Amino acid sequence: MAAEPAADADFAAFLIVRKNRDSCIHWLLTYCQAIEREWSDAELRRRRLASLRRCLASLAEHAHADCRELAPLAPRMLHSTDFDERHFLNLVLPIERRHSRGLRDDELHGAISVSTGDGRASAARPPPLPLVVVCDRRRSASLHGPSSNLLGTVLA
C-alpha cells in the first residue's frame, strides 16, 4: 500500500526542519497539538498518527541526542494508529514537559472547549479575566498621599 499524498507532504515538511534540533522538536510538538486538536476526525487522525510515527522513527540516527531520545516513541505507538486519545497523550506529555515552555495565553483560550450538556463540545472563547491591582504599603486608605498618583493612573 502506498503512502497517502497528505502523509507524504507532512513527512516532507518534517524533513525540511529535521536537521535542526530546535526546529525539529518544535515541529513535532506543533504537529502533536494539531493531532490532539483534530482528534474527532478519525481519517485525519489516523493519517497524521502514521506520519508522526514515520517522523519519530526517522530520528533514530539523528545527530543530536535530544532528537534520538524521541525515536523509541514510534514503536510505543502500537502497530495500528487506532488507539485512544489517552494513549496518545501519555506518549506526548513527556515530550511537552521536557521540550515545551507550555501554552501561552493566546493558545490556551483557543484550546478550551466547553461542554454543552448534550455530549457535544463547543470551542467557546471565555470572557476576558478582570484585572485586579493591589497597592501595598499604603499609609492610609485615602487617595491623598505619595501613592495617589499611581492609584489615580491605574484607576483611569
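Residues numbered from 1 in each chain as written. Predicted model: local features only at pLDDT ≥ 70, side-chain atom pairs only at ≥ 80, totals over all residues. Heavy atoms only, no water.

*Asks:* How would you explain the side chain of R18 if you had to name every residue and give the values?
*Replies:* Here R18 is to be found in the loop between α1 (5-17) and α2 (21-37). No salt bridge is formed by the buried R18; the nearest opposite charge belongs to E61, separated by 7.8 Å. Reaching out from R18, the side chain makes a polar contact with the backbone oxygen of S58 at a distance of 2.3 Å. Excluding residues that lie within four positions of it along the chain, R18 makes contacts with C24, S58, L59, E61 and H62. (Helix = DSSP H or I, 4+ residues; strand = E, 2+ residues; numbered from the N terminus. Buried < 20%, exposed > 50% of the residue type's maximum accessible area, 1.4 Å probe, protein only. Lys, Arg positive; Asp, Glu negative; His and termini not counted. Salt bridge = Lys/Arg side-chain N within 4 Å of Asp/Glu carboxyl O. Polar contact = N/O pair within 3.5 Å; in protein donor to acceptor, adjacent residues only side chain to side chain. Contact = heavy atoms within 4.5 Å.)

*Asks:* Report on the environment of A60, specifying residues and quantitative values.
*Replies:* If you trace the backbone, A60 turns up in the loop between α3 (42-57) and α4 (65-68). Looking at A60, the relative accessible area reads 40%, which means it is partly exposed. Sequence separation of A60 and A74 is 14 residues, and the distance between their C-alpha atoms is 9.8 Å. Those residues in contact with A60 that lie beyond four places of it in its chain are R68 and A71.

*Asks:* Please set out the environment of A42 residue by residue, giving values where relevant.
*Replies:* Turning to its location among the elements, A42 is positioned in helix α3. What makes A42 partly exposed here is its relative accessible area of 26%. Residues A42 and T81, spaced 39 residues apart in sequence, show a C-alpha to C-alpha distance of 9.9 Å.

*Asks:* Describe the nonpolar core, and please don't skip the residues or the numbers.
*Replies:* In terms of nonpolar packing, the biggest core is built from 27 residues, with F14, L28, L52, L56, L59, L70 and F88 touching the most fellow members. Secondary-structure elements contributing two or more residues to this core are α1, α2, α3, α5 (73-76) and α6 (85-99). The dominant element in this core, judged by the number of residues it contributes, is α2, at 8 residues. Those residues within four positions of F14 in sequence are excluded, and the remaining contacts are C24, W27, L28, C55, S58 and L59. (Core = buried A, V, L, I, M, F, W, Y, C linked by side-chain atoms within 4.5 Å.)

*Asks:* An account of the packing of α2 against α6 is requested, with residue identities and associated values reported.
*Replies:* Look at α2 against α6: their axes get within 11 Å of each other, and the N-to-C directions meet at 150°. Between α2 and α6 lies a crossing whose hand is left-handed. Across from R21, I25, L29, C32, Q33, I35 and E36 in α2, the residues of α6 making contact are E85, F88, L89, V92, I95, E96 and H99. Per-class residue counts for the contact of α2 with α6 are 8 nonpolar, 2 polar and 4 charged. (Axes fitted to C-alpha atoms, helices over the stretch in contact; angles between N-to-C directions. Left-handed = near helix turned anticlockwise from the far one by under 90°. Nonpolar A, V, L, I, M, F, W, Y, C, P; charged D, E, K, R; others polar.)

*Asks:* Residue-level account of the side chain of R48, with values.
*Replies:* On the secondary structure map, R48 appears in helix α3. Look at R48: it is buried, it has no salt bridge, and the nearest opposite charge is D10 at 4.8 Å. Each residue touching R48, except ones within four places of it in the same chain, is listed here: D10, Y31, A34, I35 and E38.

*Asks:* Account for the packing of aromatic side chains, naming residues and giving values.
*Replies:* Given two aromatic rings, one states the distance between the centres and the angle between the planes to describe the pair. Summed over the entire model, instances satisfying the criterion amount to 4 aromatic pairs. Taken together, the ring pairs in this structure connect F11, F14, W27 and Y31 into an aromatic cluster. The ring centre of W39 lies 4.7 Å from the NZ or CZ of R45, which sits over that ring. Over the ring of F11 we find R54; its NZ or CZ atom is 3.9 Å from the centre of that ring. (Phe/Tyr/Trp six-rings, centres within 6.5 Å; stacked < 30°, edge-to-face > 60°. Lys NZ or Arg CZ within 6 Å of the ring centre and 35° of its normal.)

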